[in-house]
Amino acid sequence: MGLNDQWMQRDLAVLWHPCTQMKDHERLPLVPIRAASGVWLEDFEGKRYLDAVSSWWVNVFGHANPRIGARVKAQLDQLEHVMLAGFTHPPVIELSERLVAITPDGLSKVFYADNGSSGIEVALKMSHHYWINSGQPGKKRFVTLTNSYHGETVAAMSVGDVALFTDTYKALLLDSLKVPSPDCYLRPDGASWEEHSRAMFAHMERTLEQHAHEVAAVIVEPLIQGAGGMRMYHPVYLKLLREACDRHGVHLIHDEIAVGFGRTGTMFACEQAGITPDFLVLSKALTGGYLPMAAVLTTEDVYAAFYDDYATLRAFLHSHTYTGNPLACAAALATLDIFEEDQVIEANRALAAHMARATEHLKAHPHVAEVRQTGMALAIEMVADKASRTPYPWQERRGLRVYQHALERGALLRPLGNVVYFLPPYVITPEQIDFLAEVASEGIDLATREALSVPVSGPYPEHRDPG
Ligand SMILES: Cc1ncc(COP(=O)(O)O)c(C=O)c1O
């Protein structure tokens, strides 16, 4: 038995993996990783895989990045952890100062959690609690877009709308209001992204008109609905939403967990709409993919609604054990240094243009309905019928075929259902982008040429993966 197989056997004896039907591993090998460097992961038999999805969208400056590593190692010898209630430390203070400085004006206070879903829970609770403290306890519902994804904890699932993740748990979820997404894949023939996004806003306006009195906040994934299949929309929607939230007295929560830190072409997606949300939730690339951490930024107005004598019981008594962990802060500070020193946002423009050129030919593929892109995120939508955009039945798992082919060729591409996408580390080279485009093209050819049997049936419309 080879080394990869040995590790796989030991793993399967004791581990239960995320977002996985474990029975799949009867025929689909696990990939044990021995080490990683830059864009490459390496298994125990020396095979390398180009990490085209930044390991679930976190690893923006490559694996084993010496600059991030050095800062974390130095922090390790200085202070590994201290609880953040009653205590503080320089890395968390410096990180908070820098986050306030680089995010849109008006966001001035930072609260930490230790993963994206927990960050969403913080924003939802804080928003509702703000309304309680402001004498409007009836504002307790949340408005979300169809096809949204905000994480896996119960309240985060409640504002999500990807059936695969939420339907089973329906009985446990909060009653959120779902508004049709401005998803531009669904725009009518001839309409631009901007026209479609603007037109779709009418649904949001109507919902707010009817329900603002009972709504605490609207939550959105700005510009890209990630786990929902990398569906994209125009920034005008965010601008209209900000205006409407102000008009109706409702908070706006931007979940930039996936899109923050340069993914959409600007440091934060909200910059493209020129707006400031009431809550900005960050995670994933915040630490360069080194350590779990989330930051929730909010305004003086929100902060002030909680600031009072203890006995009024207006304080936000939410806590996660690892809040503001110094090692995670050190990784985040090193990540922010790289953004600044290497002028990453500017450098990414050329890489994004290269991704577009390298995949241009796929637009003509008989089973590709759309190649879409926002900044450093590019998605290719495979369909059974191009003219009618009929999707492949989810049971056929065409994306899995692309995944398997990519592994054979030395790339980690993990499609979302029928959507093959690239969310590469920003240290990728043009040649490596060409390689990914070649592997993806071959994989799409294979996956769409083969008549696949339907292995399982179930209640879900599509197989998706949260990233
Ligand atoms: C937009 C968005 N929100 C929230 C989350 C949840 O983050 P975490 O997996 O760290 O809980 C994700 C994860 O993919 C995400 O893409």
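Residues numbered from 1 in each chain as written. Predicted model: local features only at pLDDT ≥ 70, side-chain atom pairs only at ≥ 80, totals over all residues. Heavy atoms only, no water.

Draft legend 1. Layout of the domain arrangement of the chain. Partitioning the chain into domains gives domain 1 (31–64 + 344–447) and domain 2 (67–341). Here the C-alpha centroids of domain 1 and domain 2 sit 26 Å apart. The partner domain 2 presents 28 residues to the 31 residues of domain 1 that form the contact. Between domain 1 and domain 2, the buried area comes to about 2400 Å², and carbon and sulfur atoms account for 61% of it. When the buried area of domain 1 at its contact with domain 2 is split by residue, Trp57, Phe61 and Thr374 rank highest and sum to 26% of it. The interface formed by domain 1 and domain 2 holds 2 salt bridges in total. In this structure, Arg231 and Glu381 form a salt bridge, with 3.0 Å as the shortest nitrogen-oxygen distance. Linking domain 1 with domain 2 are 13 residue pairs in polar contact (both at pLDDT 80 or more), by the criterion used here. Counting only elements with at least two residues in the side of domain 1 that touches domain 2, the list comes to helix H2 (54–57), helix H12 (344–359), strand E13 (368–374), strand E14 (377–382) and strand E16 (419–422). (Domains from an automatic or database assignment. Contact = heavy atoms within 4.5 Å. Buried area = accessible area lost by both parts, 1.4 Å probe. Salt bridge = Lys/Arg side-chain N within 4 Å of Asp/Glu carboxyl O. Polar contact = N/O pair within 3.5 Å; in protein donor to acceptor, adjacent residues only side chain to side chain. Helix = DSSP H or I, 4+ residues; strand = E, 2+ residues; numbered from the N terminus.)

Draft legend 2. Here's a closer look at empty space enclosed by the protein. Going through the model one piece at a time under the given rule, you end up with 2 cavities of 30 Å³ or more. For the largest cavity, the calculated volume is near 40 Å³. What lines the largest cavity is Trp57, Ile224, Gly226, Met230, Ala258, Val259, Arg263, Ala377 and Leu423. Of the residues in the lining of the largest cavity, the class split is 7 nonpolar, 1 polar and 1 charged. Mapped onto the domain boundaries, the lining of the largest cavity takes at least three residues apiece from domain 1 (31–64 + 344–447) and domain 2 (67–341). Counted as a void, the second largest cavity has a volume near 30 Å³. Taken together, Ser148, Tyr149, His150, Gly151, Ala156, Met157, Gly160, Asp161, Phe165 and Thr166 make up the full set of residues lining the second largest cavity. Of all elements in the fold, only helix H6 (154–158) and helix H7 (163–166) reach the threshold of two or more residues within the lining of the second largest cavity. (1 Å grid on protein atoms, 1.4 Å probe; cavity = no way out; pocket = protein on both sides within 12 Å on 5 of 7 lines; lining within 4 Å. Points joined across faces, edges and corners; volume = space filled by probe spheres on them. Nonpolar A, V, L, I, M, F, W, Y, C, P; charged D, E, K, R; others polar.)

Draft legend 3. Layout of helix H1 (residues 3–14). Over its 12 residues, H1 runs 17 Å from end to end, which matches the ideal 16 Å to within 8%, given 1.5 Å per residue. Where H1 is buried, its residues meet strand E2 (40–43). (Expected span 1.5 Å × (residues − 1).)

Draft legend 4. Looking closely at the nonpolar core. Ranked by size, the top nonpolar core spans 110 residues in total, and within it Leu95, Leu99, Met204, Val218, Phe261 and Leu413 carry the most contacts. A per-element tally of this core places helix H11 (residues 326–341) first, with 10 residues. Looking at this core, you find at least three residues from each of domain 1 (31–64 + 344–447) and domain 2 (67–341). Setting aside anything within four residues of it in sequence, one finds Leu413 in contact with Ala52, Val402, Tyr403, Ala406, Val420, Tyr421, Phe422, Val439 and Ala440. Counting 25 residues, the second-largest nonpolar core is a separate cluster that includes Ala123, Ile219, Ala305 and Phe316. (Core = buried A, V, L, I, M, F, W, Y, C linked by side-chain atoms within 4.5 Å. Buried < 20%, exposed > 50% of the residue type's maximum accessible area, 1.4 Å probe, protein only.)

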